[in-house]
Amino acid sequence: MPGTPDKDTGSIPPLDFIRTIVATDLVNQKHDGRVATRFPPEPNGYLHIGHAKSICLNFGVAADYRGTCNVRFDDTNPAKEDVEYVNAIQNDIRWLGFDWGKHLHYASDYFERLYGYAVRLIERGKAYVDDLSAEQIREYRGTLIAPGRESSYRDRSVEENLDLFARMRAGEFPDGSKVLRAKIDMTSGNMNMRDPTLYRIRRATHHRTGNQWCVYPMYDFTHALSDSIEQITHSLCTLEFEDHRPLYDWVLTETEVTCHPQQIEFARLNLSYTVLSKRQLLVLIEKGLVFGWDDPRMPTLVGMRRRGLPPKAIRTFCDRIGMAKRKNVVDVAVLEHAVREELNQTSPRVMAVLRPLKVVIQNYPEEKIEEVDLVNNPENPDAGTRKVPFSRVLYLERDDFSEDPPKKFFRLAPGREVRLRGAYFITCVDVVKDGQGEIVELRCTYDPTTRGGSSPDGRRVKATLHWVSVEQALTAQVRLYDRLFVDEHPGENRNFLEAINPSSLEVINTCRVEPSVASMAPGDRCQFERLGYFCVDPDSSDGQLVFNRTVSLRDVWAKIARTMKASG
RNA sequence: UGGGGCGUCGCCAAGCGGUAAGGCGCGGGCCUUUGGAGCCCGUAUUCGAAGGUUCGAAUCCUUCCGCCCCAGCCA
């Protein structure tokens, strides 16, 4: 329950403005002590991290105040909607960690009742059938600064309207020839109140109601009444619907329904280096810049799932970014931080070499193979230990060796001693190059007294490197992802494609991983020590493991190197 | 003089008349068999601006400035 002191600090976490309203309503018995929210997606696309904010809000408020949260598909536009999306959306919500129980609804289930409410509006003289064309309606609507004019059909009798509306439903008129409009105020400063369309004629096959209807209700009418039908108490939506609130209230007042939920608007999420508009995401797919909705670089929930982000991290992220009405662009680093925080606690550690450099330990016996013990997760003793084979010929990370080490580089270099994680101290004694001067192999010696990674004489080394035994290593494909855009605010530019990061994906086919990963299955996560968090991609097959890098580890050396480069 | 919103640290965000929470980021230190993690310290004398009210203002009043949304038979 929010408003209770934090276990550790004793401080009381502040309520966001929405929870403040809900808590106040509860105290005042505004909805007889009930809290009911809903998440109302239109099944015309995949859910993304912005939707996650809304899902966490709606389910979170319900959970905090012992209420309920419905999932309701706002499926009033058959031309754009599809079952593919209704299934995907349900999967995503469940994956995120929320359970709607029995509360799964469709606006289309209310079509008959909605039609009845429209009839009631007509009977009360609050709606009329208009024969104006779409273009004429637009003309008549006026502009932002000039009032609109009333349609010549606005004063039809109740009887005529009733008859016409029934015949609209019966299919007597062609698509687009007539609409049902609310009779409100053509001079309103709020464009939404200038006799908004309530119903349009549209012969399209609906994914649930088939060809049962040829008239479909519009959003404003449907949404308000669906909320009312479901006894919603707080209808939470994004800021662009603020202008619609007077219409939301008008619909509920004029249909004389008893349940009148309160609409409250909050600012939608924006993420740096990311686009979140459906339109722009679609462009990325259509142009082939990503492989689909579930491309691990996409900010969709399916994409993030494939990338390996834990749902818990997304929930933590949503809790942290707060809830307010001001326009915001949350730094994607906040998300990455939540992901690392979660993965650090939960991911077993494994050694993998992305760019192998062969190393021969000259004083290590030719045929000998040892099994060294390694801790699976230093954050979690219960995760236990495992055995990893060590032998004379190993792979190290190319980046972990420098023939001419720059300042502050304290990994392996000629004559330098470092530790191989969990194994031995080694010293580089020779560098082998090919005809092009390319380093192809390192010759090292090891100190047999340092087994396990510490020296009896107490001497220290500055670096601990990951490694893999050549003989036992498995080969894997690793896909490294970087942000999709180089511009911090790509969505602001209509030419957002210019800001595409050309190297958002790097595929490495020659990675070598320790043999223990053989048992990993698609979706499984691990940390490649010193590199980052990875998960097994569904593209993996028996012979070939494919890993996605979820996120890299924080890399202090990379930052130092960048700074040194920048300052010459 | 169209309507509706919003302006508190680089990015989020508390604050609701009693003298600027927290997170991310950034900088420094400790610790470390991951340059990971963890721990510690620092990071807005000032709240878009200017006036006013008050013993006291980010909070109240006035004016001004800036930004966002709205003219689908989309949601």
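Data block above holds the structure.
Throughout this description, residue numbers start from 1 for each chain and increase along the sequence as written. Chain letters start at A and ligand numbers start at 1, both assigned in the order the entries are written. Whole-chain, interface and lining totals are the exception, using all residues; otherwise, since this is a predicted model, local features are given only for residues with pLDDT of at least 70 and side-chain atom pairs are given and counted only at 80 or more. Values shown for side chains rest on all heavy atoms present in the structure; no hydrogens or waters enter the calculation.

## Concerning the overall build of chain A
Part 1 of the reasoning: Only DSSP runs of H or I reaching four residues or more are called helices, and only runs of E reaching two or more are called strands; each is numbered from the N terminus. When helices and strands are tallied, chain A shows 13 helices and 25 strands.
Part 2 of the reasoning: Radius of gyration means the value over C-alpha atoms here, while the globule rule gives 2.2 Å times the residue count to the 0.38 power. Relative to the globule expectation of 24 Å for 568 residues, the C-alpha radius of gyration of chain A, 31 Å, shows a markedly less compact shape.
Part 3 of the reasoning: If you line up chain A on its principal axes, its C-alpha atoms span 100 × 55 × 50 Å.
Part 4 of the reasoning: Classification of the 568 residues of chain A by burial places 51% in the buried group.
Part 5 of the reasoning: Residue pairs in contact within chain A that sit at least 24 positions apart in sequence constitute 70% of those at least 6 positions apart.
Part 6 of the reasoning: As presented, chain A carries roughly 26,400 Å² of accessible surface, and 48% of it is formed by carbon and sulfur atoms.
Part 7 of the reasoning: None of His or the chain ends enter the tally, which takes Lys and Arg as positive and Asp and Glu as negative. Charged groups are reduced to one reference atom each: NZ for lysine, CZ for arginine, CG for aspartic acid, CD for glutamic acid. Charge separation in chain A, taken as the distance between the mean sites of 77 positive and 81 negative side-chain charges, equals 3 Å. When accessible area is computed with a 1.4 Å probe and restricted to protein chains, residues below 20% of their type maximum are described as buried, those above 50% as exposed, and intermediate ones as partly exposed. Any two residues whose heavy atoms approach within 4.5 Å at even a single point are treated as in contact. Here the accessible surface of atoms and residues is derived via Shrake-Rupley with a 1.4 Å probe, and residues count as covered only by protein chains that are part of the display.

## Brief notes about the layout of surface pockets
Part 1 of the reasoning: Method remark: on a 1 Å grid restricted to protein atoms, a set of points is classed as a cavity if a 1.4 Å probe fits but cannot get out and as a pocket if it is open with protein on both sides within 12 Å along at least five of seven lines; lining residues have an atom within 4 Å of a point. Grid points are joined across faces, edges and corners, and a volume is the space filled by probe spheres set on the points. By volume, the second largest pocket amounts to about 1,200 Å³.
Part 2 of the reasoning: Lining the second largest pocket are 49 residues, and of these His51, Thr238, Glu240, Arg268 and Lys278 sit closest to its centre.
Part 3 of the reasoning: At the level of secondary structure, the elements contributing two or more residues to the lining of the second largest pocket comprise β1 (36-39), α2 (49-64), α7 (219-229), β8 (234-238) and α9 (278-286).
Part 4 of the reasoning: Of all the elements, α9 adds the most residues to the lining of the second largest pocket, at 4 residues.
Part 5 of the reasoning: Looking at the lining of the second largest pocket residue by residue, the classes come out as 20 nonpolar, 16 polar and 13 charged. Nonpolar residues are Ala, Val, Leu, Ile, Met, Phe, Trp, Tyr, Cys and Pro. Charged residues are Asp, Glu, Lys and Arg, and all others, Gly as well, are polar.

## Overview of the environment of leucine 412
Part 1 of the reasoning: Within the secondary structure, leucine 412 sits in the loop between β15 (393-397) and β16 (417-420).
Part 2 of the reasoning: By relative accessible area, leucine 412 is classed as buried at 0%.
Part 3 of the reasoning: Along the chain, leucine 412 and leucine 465 lie 53 residues apart, while their C-alpha atoms are 8.5 Å from each other.
Part 4 of the reasoning: The residues contacting leucine 412, other than those within four sequence positions of it, are Leu396, Asp400, Phe401, Ser402, Val418, Ile426, Cys428, Leu442, Cys444 and Leu465.

## Section: the packing of aromatic side chains
Part 1 of the reasoning: Here is the rule: rings of Phe, Tyr and Trp (six-membered ring for Trp) pair when centre to centre is within 6.5 Å. Planes less than 30 degrees apart are stacked, more than 60 are edge-to-face, and the remainder are tilted. Applying the stated criterion across every chain yields a total of 21 aromatic pairs.
Part 2 of the reasoning: Centre to centre, the rings of phenylalanine 390 and tryptophan 467 are 5.2 Å apart; their planes meet at 85°, and the pair counts as edge-to-face. Here the residue phenylalanine 390 occupies a position in strand β14 (residues 385-390), and tryptophan 467 occupies one in strand β20 (residues 467-469), the gap between them amounting to 77 residues. With respect to burial, phenylalanine 390 and tryptophan 467 carry one shared label: buried.
Part 3 of the reasoning: An aromatic cluster is present here, built from Phe111, Tyr115, Phe165, Tyr199, Trp213, Tyr216 and Phe221 joined pairwise through their rings.

## Comments concerning the state of the cysteines
Part 1 of the reasoning: Disulfide assignment relies on a single distance test, namely cysteine sulfur atoms paired within 2.5 Å. If you walk through the whole model with that rule in mind, you get 0 disulfides.
Part 2 of the reasoning: Sulfur of cysteine 69: no disulfide; nearest cysteine sulfur belongs to cysteine 56 and is 11 Å away.
Part 3 of the reasoning: Its relative accessible area of 5% is what places cysteine 69 among the buried residues.
Part 4 of the reasoning: The thiol of cysteine 259 is not disulfide-bonded; the next cysteine sulfur, from cysteine 69, is found 15 Å away.

## A few points about the protein's contact with RNA strand B
Part 1 of the reasoning: Near RNA strand B there are 69 residues, and of these Thr76, Arg202, Val329, Arg349 and Gly452 occur at the shortest range.
Part 2 of the reasoning: Near the protein, meaning within 4 Å, the atoms of RNA strand B are sugar or phosphate in a fraction of 61%, with bases accounting for the rest.
Part 3 of the reasoning: Between N or O atoms, a polar contact is any pair within 3.5 Å; within protein, one atom must be a potential hydrogen donor and the other a potential acceptor, and residues adjacent in sequence are included only when both atoms are from side chains. Contact between RNA strand B and alanine 134: a base nitrogen at 3.0 Å from a main-chain N or O atom of the residue.
Part 4 of the reasoning: Between RNA strand B and arginine 202 there is a distance of 2.5 Å, counted from a phosphate oxygen to a side-chain nitrogen or oxygen.
Part 5 of the reasoning: Where the surface near RNA strand B is concerned, the elements lending two or more residues are α5 (134-140), β6 (197-201), α11 (311-321), α12 (332-346) and α13 (556-566).
Part 6 of the reasoning: Across the surface near RNA strand B, the residue classes tally to 25 nonpolar, 19 polar and 25 charged. To be near a molecule or strand, a residue needs just one of its heavy atoms within 4 Å of it.

## Structural notes on unusual backbone geometry
Part 1 of the reasoning: Of note, the phi angle at aspartate 195 is positive, near 45°, even though the residue is not glycine.
Part 2 of the reasoning: Relative to the assigned elements, aspartate 195 resides in the loop between β5 (179-182) and β6.
Part 3 of the reasoning: When its relative accessible area of 1% is taken as the criterion, aspartate 195 is described as buried.
Part 4 of the reasoning: A positive phi angle is found at glutamine 231, which is not glycine, with a value near 60°.
Part 5 of the reasoning: For glutamine 231, the location among the structural elements is in the loop between α7 and β8.
Part 6 of the reasoning: By relative accessible area, glutamine 231 is classed as partly exposed at 37%.

## Digging into the sheet that holds strand β17 (residues 425-433)
What links the strands of a sheet is backbone hydrogen bonding, and the strands pair in either a parallel or an antiparallel sense.
Part 1 of the reasoning: Whether two strands pair comes down to DSSP finding at least two bridges between them. If you trace the 7 strands from one edge of the open sheet to the other, you get β19-β16-β17-β18-β12-β15-β20, paired in mixed fashion. Both edges of this open sheet fall to β19 (464-465) and β20, since each of them pairs with a single strand only.
Part 2 of the reasoning: Both β17 and strand β18 (residues 439-446) contribute to a ladder of 7 bridges, which runs antiparallel. By the bridge assignment, cysteine 428 is partnered in β18 with cysteine 444.

## Brief notes about the pattern of salt bridges
Part 1 of the reasoning: Whenever a carboxyl oxygen of Asp or Glu lies within 4 Å of a side-chain nitrogen of Lys or Arg, that contact is scored as a salt bridge. Taken as a whole and judged by the stated rule, the model has 48 salt bridges.
Part 2 of the reasoning: Ionic pairing is found between aspartate 163 and arginine 167, a salt bridge with its closest N-O pair at 3.0 Å. Of the two residues, aspartate 163 and arginine 167 are both situated in helix α6 (residues 158-170); the distance of 4 residues between them amounts to about one turn of the helix.

## With respect to the nonpolar core
Part 1 of the reasoning: If you look at the biggest cluster of nonpolar residues, it comprises 55 residues, and the most contacted ones within it are Ile49, Ile93, Leu284, Ile314 and Phe317.
Part 2 of the reasoning: Looking at this core, the elements with two or more residues in it are α2, β2 (68-73), α3 (83-96), α9, α10 (301-307), α11 and α12.
Part 3 of the reasoning: Here the element with the most residues in this core is α3; it accounts for 7 residues.
Part 4 of the reasoning: In this structure, isoleucine 49 is in contact with Leu269, Leu271, Leu276, Pro299, Leu301, Met304, Ile314 and Phe317, ignoring residues within four places of it in sequence.
Part 5 of the reasoning: To qualify as a nonpolar core, a set must consist of buried Ala, Val, Leu, Ile, Met, Phe, Trp, Tyr and Cys residues joined through side-chain atoms within 4.5 Å. Phe111, Leu180, Ala224 and Val257 belong to the second largest nonpolar core, which has 34 residues in total.

## Comments concerning the sheet that holds strand β24 (residues 532-536)
Part 1 of the reasoning: Ordered by their spatial adjacency, 7 strands build an open sheet running β10-β23-β24-β25-β21-β22-β11, and the pairing between neighbours is mixed. This sheet does not close on itself; its edge strands, each paired only once, are β10 (349-350) and β11 (352-353).
Part 2 of the reasoning: Only the stretch in contact is used when fitting a helix axis, every axis being a line fitted to C-alpha atoms; angles between N-to-C directions are given from 0 to 180 degrees. Sitting on the sheet, α12 touches β10, β23 (525-528), β24 and β25 (545-552), and the angle it makes with β25 is about 120°.

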